[in-house]
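# An overview of the molecular structure
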Amino acid sequence: MAAQSTEDQAERILEGSGLQVSTFDSASGDVQPVAIRKTVCYIVSAVILSPKNEVLMVQEAKDDCYQEWYLPAGRMELNESIVEGMRREVKEETGFECSPITLLMVEEHGPRWIRFTFLAEITGGSMKTLENSDSESLQAQWWDRISPLSLRAKDILPLIDSGVKYKEKPWFPPTLPTELPCCAVCQRLMVTFLDSDSNLWLLLGTSDGPHLPITVSNDRCHSIMAATFRLLKECLKLPEVKIKTLGVLGLQHHGKHPGDTDGICFNMLVSVEHTDREVNSSTPPVLLSDKYQWWKVDRQCLKDKLLERCGSNAAVPIYSI
């Protein structure tokens, strides 16, 4: 990472690509590798829409939700990428082959439970019917989102709504995971500050050369959001700044070496500003640690891209549920 200029690092993250994770700037305790289905649970789901904006639903076969309806969804398996897991679940539960259009939403709930929802499109296969029912699902069907349907849970309704809205008018660029290894659940932060002279600044970590700082979600800090605020608390006087998390610009996962590469790096966009408007806003907030520094963005095209993404919240939303 140190060999790349800060401009190049920022450009790659804004493009939805990734960078090798080589250092952690903030971690509560030792960084331990996560293991899928042991210390982390990743859920994949898909919103697939017909030309009439009907949504593809599956009827559950499990005893605790038998005959109820839900989006095609399930837990990722060993040796899978996130997209491979989504495609497998859709095929098993609906009978269709599919291809992702974009990551639509990321949700976290409790210790190490993360759900990735994609907007996807059918590329082959045929609808699963009752004649083909198995332990994965009973059948699949299109739902017009109006007719009564016994849902397993209503948590999928915002996901469906987001899929319909994105299909009609995308508000962030198509975003798909990048296959790069990572051992932990961590966040690379692109923290921006716009001063009163319209200069744009990025927060950088200083160890091993200037880089976008990385914080870790571990046993003492499960939440992605909490880990983000922990790093910012280490370097900023939080009562004096207003922090806004704007979403995920991209994410990195490999998963081909279970126990070593089951982690995920979320490349997240964050903005900060002075809480007190009377404070001299021609300079970035004072930093509390020499582990970090502010860097002024001089390349105009990079500055324009950053301002566009910050101004329109044009990133994949992430929620703690």
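The structure under discussion appears in the preceding block.
These lines cover the structure that appears in this document, whether it is placed above or below. Going along each chain's sequence as written, the residues are numbered from 1 onward. Local features in this predicted model are restricted to residues of pLDDT 70 or higher, and side-chain atom pairs are both shown and tallied only at a pLDDT of 80 or more, whereas totals for entire chains, interfaces and linings draw on every residue. Side-chain calculation: all heavy atoms of the structure are included, whereas hydrogens and water are not.

### Things to note about the overall build of the protein
- Under the DSSP-based scheme used, a helix requires at least four consecutive residues in state H or I and a strand at least two consecutive residues in state E, with every element numbered from the N terminus. Secondary structure assignment for the protein yields five helices and 14 strands.
- Radius of gyration (C-alpha) of the protein: 21 Å, near the 20 Å computed for a compact globule of 321 residues.
- If one aligns the C-alpha atoms of the protein with their principal axes, the spans along those axes are about 70 × 40 × 35 Å.
- Out of the 321 residues belonging to the protein, those deemed buried represent 54%.
- A contact between two residues is defined here by any heavy atoms of the two lying within 4.5 Å. In the protein, the share of contacts with a sequence separation of at least 24, taken over all contacts with a separation of at least 6, comes to 74%.
- Split by element, the accessible area of the protein, about 14,300 Å² in all, is 49% carbon and sulfur.
- Charge assignment: positive for Lys and Arg, negative for Asp and Glu; neither His nor the chain ends contribute. Charge coordinates come from a single atom per side chain, which is NZ of Lys, CZ of Arg, CG of Asp or CD of Glu. If you average the places of the 33 positive and of the 44 negative side-chain charges in the protein, the two averages end up 2 Å apart. Here the globule rule is a power law, 2.2 Å times the number of residues to the power 0.38, and the radius of gyration is based on C-alpha atoms. Burial classes: relative accessible area under 20% of the type maximum marks a residue as buried, over 50% as exposed, and values in between as partly exposed (1.4 Å probe, protein chains only). Using a 1.4 Å probe, the Shrake-Rupley method yields the accessible areas, and only the shown protein chains count as cover for residues.

### Here we look at the nonpolar core
- Joining through side-chain atoms within 4.5 Å is the link that ties buried Ala, Val, Leu, Ile, Met, Phe, Trp, Tyr and Cys residues into a set, and such a set is a nonpolar core. With 69 residues, the main nonpolar core has Tyr-42, Met-57, Phe-116 and Phe-266 as its most contacted residues.
- Here this core takes six residues from strand β5 (residues 96–108), the largest share from any one element.
- Aside from chain neighbours lying at most four places away, what touches Tyr-42 is Val-34, Ile-36, Gly-74, Arg-75, Met-76, Ile-114, Phe-116, Val-185, His-253, Asp-262, Gly-263 and Ile-264.
- Core analysis: the second largest hydrophobic core is formed by 18 residues, Leu-200, Leu-202, Trp-295 and Val-297 among them.

### A look at the sheet that holds strand β14 (residues 318–320)
- Overall, mixed pairing links the five strands, which are arranged β4-β1-β6-β5-β14 in an open sheet. Of all the strands in the sheet, the pair left with one neighbour each is β4 (73–75) and β14. Here the strands of the sheet are splayed against their neighbours by 30 degrees on average, with no regard to which way each runs.
- One ladder, built from three bridges, connects strand β1 (residues 41–48) with β4; its direction is antiparallel. Across the sheet, residue Ile-43 finds its bridge partner in β4, namely Arg-75.
- All axes are obtained by fitting lines to C-alpha atoms, using only the stretch in contact for helices, and the reported angles, taken between N-to-C directions, cover 0 to 180 degrees. Along the sheet, helix α3 (residues 157–168) makes contact with β1, β5 and β6 (113–125), crossing β5 at roughly 115 degrees.
- Strand contacts of helix α4 (residues 224–235): β5, β6 and β14, with the helix running at about 100 degrees to β14, the strand carrying the most contacts. Any two strands with at least two DSSP bridges between them are considered paired.

### Observations regarding the state of the cysteines
- The disulfide criterion used throughout: a pair of cysteine sulfur atoms within 2.5 Å. Summed over the entire model, instances satisfying the criterion amount to zero disulfides.
- Cys-186 supplies the cysteine sulfur nearest to Cys-182, a cysteine that is in no disulfide, at a spacing of 3.5 Å.
- A residue is classified by how much of its surface remains accessible, and Cys-182, at 4% relative accessible area, is buried.

### As for the side chain of Thr-6
- Secondary-structure assignment places Thr-6 in helix α1 (residues 6–14).
- Those residues in contact with Thr-6, other than ones at most four positions away along the chain, are Leu-204, Pro-210 and Trp-295.

### Quick look at the sheet that holds strand β2 (residues 55–59)
- An order of β3-β2-β7 is seen for the three strands of this open sheet, with the pairing classed as antiparallel. Looking at the sheet topology across the chains shown, the edges are occupied by β3 (69–70) and β7 (139–143).

### Concerning the pattern of salt bridges
- By definition, a salt bridge exists where a carboxyl oxygen of Asp or Glu is found within 4 Å of a side-chain nitrogen of Lys or Arg. Under the counting rule described, the total for this entry stands at 14 salt bridges.
- Between Arg-152 and Glu-60 there is a salt bridge, with the nearest N and O atoms lying 2.8 Å from each other. One end of the pair, Arg-152, is in the loop between β7 and α3; the other, Glu-60, is in the loop between β2 and β3, and 92 residues separate them in sequence.
- Arg-152 sits in the partly exposed class, given a relative accessible area of 39%.
- A salt bridge links Arg-115 to Glu-107, with the nearest nitrogen and oxygen atoms 2.8 Å apart. The two residues Arg-115 and Glu-107 agree in class, both being buried.
- Sharing partners across several salt bridges, the network here consists of Glu-80, Arg-88, Glu-89 and Glu-92.

### Some details on the pairing of strand β9 (residues 200–205)
- A large share of β9 lies buried, amounting to six of its six residues.
- Residue alternation in β9 divides its side chains into two sets, Leu-200, Leu-202 and Leu-204 and Trp-201, Leu-203 and Gly-205, and both sets are buried.
- Between the antiparallel neighbours strand β8 (residues 185–194) and β9 lie five residues, among them Ser-198 with a positive phi of about 65 degrees.

### A closer look at the packing of aromatic side chains
- Aromatic pairs are defined between Phe, Tyr and Trp rings, using the six-membered ring for Trp, whenever the two ring centres lie within 6.5 Å; interplanar angles under 30 degrees are classed as stacked, those over 60 as edge-to-face, and all others as tilted. Evaluation of the coordinates by the stated rule reveals six aromatic pairs.
- Seen from their ring centres, Phe-116 and Phe-266 are 6.2 Å apart, and the 15 degrees between their planes marks the pair as stacked. With Phe-116 in strand β6 and Phe-266 in strand β12 (residues 264–274), this pair connects stretches of sequence that are 150 residues apart. Comparing Phe-116 with Phe-266, the two get one shared label, buried.
- With 6.2 Å between their ring centres and 55 degrees between their planes, Phe-193 and Trp-294 make a pair best called tilted. With Phe-193 in strand β8 and Trp-294 in strand β13 (residues 292–296), this pair connects stretches of sequence that are 101 residues apart.
- Look at Phe-193 and you get buried, because its relative accessible area is 2%.
- Relative accessible area serves as the criterion here: at 14%, Trp-294 is assigned to the buried category.

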